[in-house]
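In case you want the letters, here they are:
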Amino acid sequence: MTTAEEHRMNDRPLEGRRALVTGATKGIGADVARALAAAGADVVLSARDESELNALSDELAAAHGCRTATAPCDLSTADGPAALADRALSAFDGLDVLVNNAGVSFPERVVDTTAEAFDRTMAVNLRAPALLAASVGAAMVRQGTGGAIVNIASAAALAPLAEHYAYSSTKAGLLMATKVLAQELGPHGIRANTVCPTVVLTDMGRRVWGPEEKSAPMLARIPLGRFAIPREVSDAVVWLASDAASMITGVDLPVDGGYTMG
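Below: a short report on this structure. (Residues numbered from 1 in each chain as written. Predicted model: local features only at pLDDT ≥ 70, side-chain atom pairs only at ≥ 80, totals over all residues. Heavy atoms only, no water.)

Attention now moves to the sheet that holds strand β7 (residues 252-255). Reading across the sheet, the seven strands line up as β3-β2-β1-β4-β5-β6-β7 and stay open at both edges, with parallel pairing between neighbours. Where the open sheet ends on each side, the last strands, each with one partner, are β3 (68-70) and β7. For this sheet, the mean angle separating the axes of adjacent strands, direction not counted, is 15°. Here strand β1 (residues 18-22) runs beside strand β2 (residues 42-46); their pairing, made up of five bridges, is parallel. Within β2, the position partnered with Val21 by the bridge is Leu45. Contacts between helix α2 (residues 27-38) and the sheet are confined to β1, β2 and β4 (97-100), with β1 contributing the most and set at about 170° to the helix. On top of the sheet, helix α5 (residues 115-143) reaches β1, β4, β5 (147-152) and β6 (190-197); it is set at about 175° to β4, its chief contact. (Pairing = 2+ DSSP bridges. Helix = DSSP H or I, 4+ residues; strand = E, 2+ residues; numbered from the N terminus. Axes fitted to C-alpha atoms, helices over the stretch in contact; angles between N-to-C directions. Contact = heavy atoms within 4.5 Å.)

See the structure below:
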């Protein structure tokens, strides 16, 4: 039986893998953490709120029998990514999967953009995942067993989105950072890809995009006529992290109902 055939018959395709998820306590990150655990991975959870991390850690361990660890971290700080990498790598003596999900957005028009908001968006959305991937990627090289890095970008990295100047800029930068990761780490069996969702109906997504005057123009640009749900993003992450995507690297995968196809 081939590896691909084995994967199709395996409902726990990440059995025994060690994963780190940032921004793990809310929205897409929480669903990704649950999906990785359900797929068999041991999961290191990172976010800023320690009590929320502990609650999710207990939930995953009870539901899936996986090992869990928590690593509270503020990724906006200069030393946050390196400190998180060290803590996460020590939790289970290495990592096989990194999911850079943490992100911030301060919607504002170009003419209203402030240096403070732009710099914080840059620090969390681009600097942190790039530096964390560099540290974890170096550790994966030393391990010598390959690995997978999945960065959560956005459809706003592929098509302009009004009032998201800093956000779109950082997410577009993350796409190119991921391609460099794929190029340099590929010879070591380490793959790097991005997932680019449209609006996702998390609690925050519903609050921001719930009003019809806000959602209608966006929905009109999506051929499938709806927004994404968290599971559609986390399913893509699990696939990219698994051996089913063993020949996929350097790819920007839209999960957007056709929004960015032109």
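As a further point, take the side chain of Thr170. As for its placement among the helices and strands, Thr170 is situated in helix α6 (residues 165-185). For Thr170, a relative accessible area of 1% puts it in the buried group. In contact with Thr170, other than residues within four places in its own chain, are Thr121, Met122, Asn125 and Leu126. (Buried < 20%, exposed > 50% of the residue type's maximum accessible area, 1.4 Å probe, protein only.)

Moving on: the environment of Glu212. Positionally, Glu212 belongs in helix α8 (residues 212-219). Residue classification places Glu212 among the exposed positions, given a relative accessible area of 60%. Sequence spacing of Glu212 and Leu224 is 12 residues, and the spatial spacing of their C-alpha atoms is 17 Å.

All right, on to the nonpolar core then. By size, the foremost hydrophobic cluster in this structure holds 35 residues, and its most contacted members are Leu36, Leu45, Val99 and Val195. Setting aside residues no more than four positions away along its own chain, Val99 makes contact with Leu20, Val21, Thr22, Val32, Leu36, Val150, Ile152 and Val237. Counting residues in hydrophobic clusters, the runner-up holds 26 residues, among them Leu84, Phe92, Ala133 and Val136. (Core = buried A, V, L, I, M, F, W, Y, C linked by side-chain atoms within 4.5 Å.)

Next up on the list: the pattern of salt bridges. Inspection of the entire model under this criterion finds 11 salt bridges. Notably, a salt bridge pairs Arg18 with Asp96, separated by 2.9 Å at the nearest N-O pair. Of this pair, Arg18 sits in strand β1 while Asp96 sits in the loop between α4 (80-91) and β4, and the two are 78 residues apart along the sequence. Residue Arg18 shares its accessibility class with Asp96, and that shared class is buried. Linking Arg67 and Asp42 is a salt bridge whose minimum nitrogen-to-oxygen distance equals 3.0 Å. Residue Arg67 is found in the loop between α3 (50-64) and β3, and its partner Asp42 is found in strand β2; the two are separated by 25 residues along the sequence. Look at Arg67 and you get partly exposed, because its relative accessible area is 43%. Looking at Asp42, the relative accessible area reads 10%, which means it is buried. Several salt bridges converge on common partners, so that one network encompasses Asp31, Arg231 and Asp235. (Salt bridge = Lys/Arg side-chain N within 4 Å of Asp/Glu carboxyl O.)

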